[in-house]
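Survey of secondary and tertiary structure
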Amino acid sequence: MRILLAILTHHDLPRLRRALASVRLQRKARGVEVDVVVVVNSLNREYERLVVRTAADLGVRVVATDSNGRPGRGKNACLDLFLESGCDYLCQLDGDDWLYPTWAESVAEHLRRLPQVDALGIVPIDCLGSSKGFTFEVGQGVVAGVWGTSTAYPLDASGPGRAPLWEEPGTTANADMIRLLSRAGAARWRFDEELPIGEDTLLSMALLSSHQRGELSYWLTMASDWMIVDRTTPGSVQRTYSHKEALEPLRSKAAQIVDPARSSSAELPILYPPLLLSTDEKRSWIERTWRPGAAASGPRG
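This report concerns the structure included in the present document. (Residues numbered from 1 in each chain as written. Predicted model: local features only at pLDDT ≥ 70, side-chain atom pairs only at ≥ 80, totals over all residues. Heavy atoms only, no water.)

1. Details of the packing of aromatic side chains
- Enumeration according to the criterion identifies 2 aromatic pairs in this entry.
- When the centroid spacing of 6.2 Å and the interplanar angle of 40° are considered together, the rings of Phe134 and Phe136 count as tilted.
- Residue classification places Phe134 among the partly exposed positions, given a relative accessible area of 39%.
- Classification of Phe136 as buried rests on a relative accessible area of 5%.
- With a centroid separation of 6.4 Å and 80° between ring planes, the pair formed by Trp189 and Phe191 is classed as edge-to-face.
- If you follow Arg18 out to its NZ or CZ, it ends over the ring of Trp98, 3.8 Å from the centre. (Phe/Tyr/Trp six-rings, centres within 6.5 Å; stacked < 30°, edge-to-face > 60°. Buried < 20%, exposed > 50% of the residue type's maximum accessible area, 1.4 Å probe, protein only. Lys NZ or Arg CZ within 6 Å of the ring centre and 35° of its normal.)

See the structure below:
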């Protein structure tokens, strides 16, 4: 299987370098070939030039999009590049997040178990700047949270229900993060290019609706050894825009996609694969690689 790993960036070069370093340190994965592309979606032309130069120095392909300052346009560019490629699956990574060395290995195992899957959503997910899971301080005021088990159920209840989007005070975030998308899944969806935040939530709900109609196969996975989400990035869209202000427009758009009474991802099938990294190994990896400018080294042991 060929995987297109599309790394989307708009303003943080040190964190992008960290993401690219984590790609180079992947363990070998049988049955999976990874193509890497950096997609720069920025209003800052100087940053765009720096990304093009950095990617060229590393021998990585880079594509610049015509940005409107919102993430949806960059994510649509990732979809287009994927559909134009010969790859079987798309994994889109934000440039301020980074991969565990087991990402490709875990992807290969998932595709062996679910060869016809169209979408995989990760829940829970390890996070820099989080109080969930097993937490530890990696720097002054910087906390990481990792999950060390694949057997605990991640949601409050299973079966049909309402997503947190419709709860008060509510959140624009979806319960899972789509990290693997087939060609069939990518071909039927376009991200909303006007939303400042929440575009991923609409994707998740559109996939859920398609799954409910029997059109696509959408699974959740407890594989929390794929990546680390960085919530500490200055100037990220999550910090720039208010979730409260974006909530009602997002609810209105979501209600056109899925029945609110059946919008919870808790009714999706869920895979419990064995974790490839222990809690201690995750902690070691984050402590050695979390600084955007730090030189990453391979996993110990």
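Read on, since the account is not over.
2. Considerations on the sheet that holds strand β9 (residues 142-146)
- The strand order across the open sheet built from 5 strands is β5-β12-β7-β9-β8, with neighbouring strands paired in mixed fashion. Two strands bound the open sheet, and with one partner strand each, they are β5 (98-99) and β8 (134-139).
- Bridging between strand β7 (residues 126-128) and β9 involves 2 bridges; their strand directions are antiparallel. Paired with Cys127 across the two strands is Gly145, which belongs to β9. (Pairing = 2+ DSSP bridges. Helix = DSSP H or I, 4+ residues; strand = E, 2+ residues; numbered from the N terminus.)

3. Considering the packing of helix α6 (residues 199-212) against helix α8 (residues 243-255)
- Packing of α6 against α8 leaves a shortest axis separation of 10 Å and a crossing angle of 20°. Considering the angle they form, α6 stands roughly parallel to α8. Our pair here, α6 against α8, has a crossing hand that is right-handed. Between α6, through Thr201, Leu202 and Met205, and α8, the contact on the second element is made entirely by Leu250, Lys253 and Ala254. (Axes fitted to C-alpha atoms, helices over the stretch in contact; angles between N-to-C directions. Parallel < 35°, antiparallel > 145°, perpendicular 65-115°, else oblique. Left-handed = near helix turned anticlockwise from the far one by under 90°. Contact = heavy atoms within 4.5 Å.)

4. Details of the packing of helix α1 (residues 13-24) against helix α2 (residues 45-58)
- Following both chains from N to C, one finds α1 and α2 inclined at 25°, their axes separated by 11 Å at the closest point. In terms of their interaxial angle, α1 and α2 are classed as roughly parallel. Our pair here, α1 against α2, has a crossing hand that is right-handed. Contact residues: Leu13, Leu16, Arg17, Leu20 and Arg24 in α1; Tyr47, Leu50, Val51, Thr54 and Leu58 in α2.

5. What to know about the environment of Pro160
- Locating Pro160 in the fold gives a position in the loop between β9 and β10 (177-182).
- In this structure the C-alpha to C-alpha distance between Pro160 and Arg262, which are 102 residues apart in sequence, comes to 5.0 Å.
- For Pro160, the contacting residues outside a window of four places in its chain are Ala261, Arg262 and Glu267.

6. Observations regarding the sheet that holds strand β2 (residues 33-40)
- Read from one edge to the other, the open sheet built from 8 strands follows the order β3-β2-β1-β4-β10-β6-β11-β13, with strand pairing classed as mixed. Where the open sheet ends on each side, the last strands, each with one partner, are β3 (61-64) and β13 (270-271).
- In the sheet, strand β6 (residues 119-122) pairs with β10 via 4 bridges, with the strands oriented antiparallel. Counted as the bridge partner of Gly121 is Ile178 from β10.
- Taken strand by strand, α1 contacts β1 (2-9), β2 and β4 (89-94), and its axis lies near 165° from that of β1.

7. Let's talk about the nonpolar core
- Formed by 41 residues in total, the largest nonpolar core has its most connected members in Leu207 and Tyr218.
- Taken together, the elements giving at least two residues each to this core come down to β1, β2, α3 (71-84), β10, α6, β11 (218-221) and α8.
- Per element, the largest residue contribution to this core is 6 residues, and it comes from α6.
- With near-sequence residues (within four places) excluded, Leu207 lies in contact with Ala119, Ile178, Leu181, Leu216 and Tyr218.
- Core analysis: the second largest hydrophobic core is formed by 37 residues, Val40, Cys91, Leu120 and Met227 among them. (Core = buried A, V, L, I, M, F, W, Y, C linked by side-chain atoms within 4.5 Å.)

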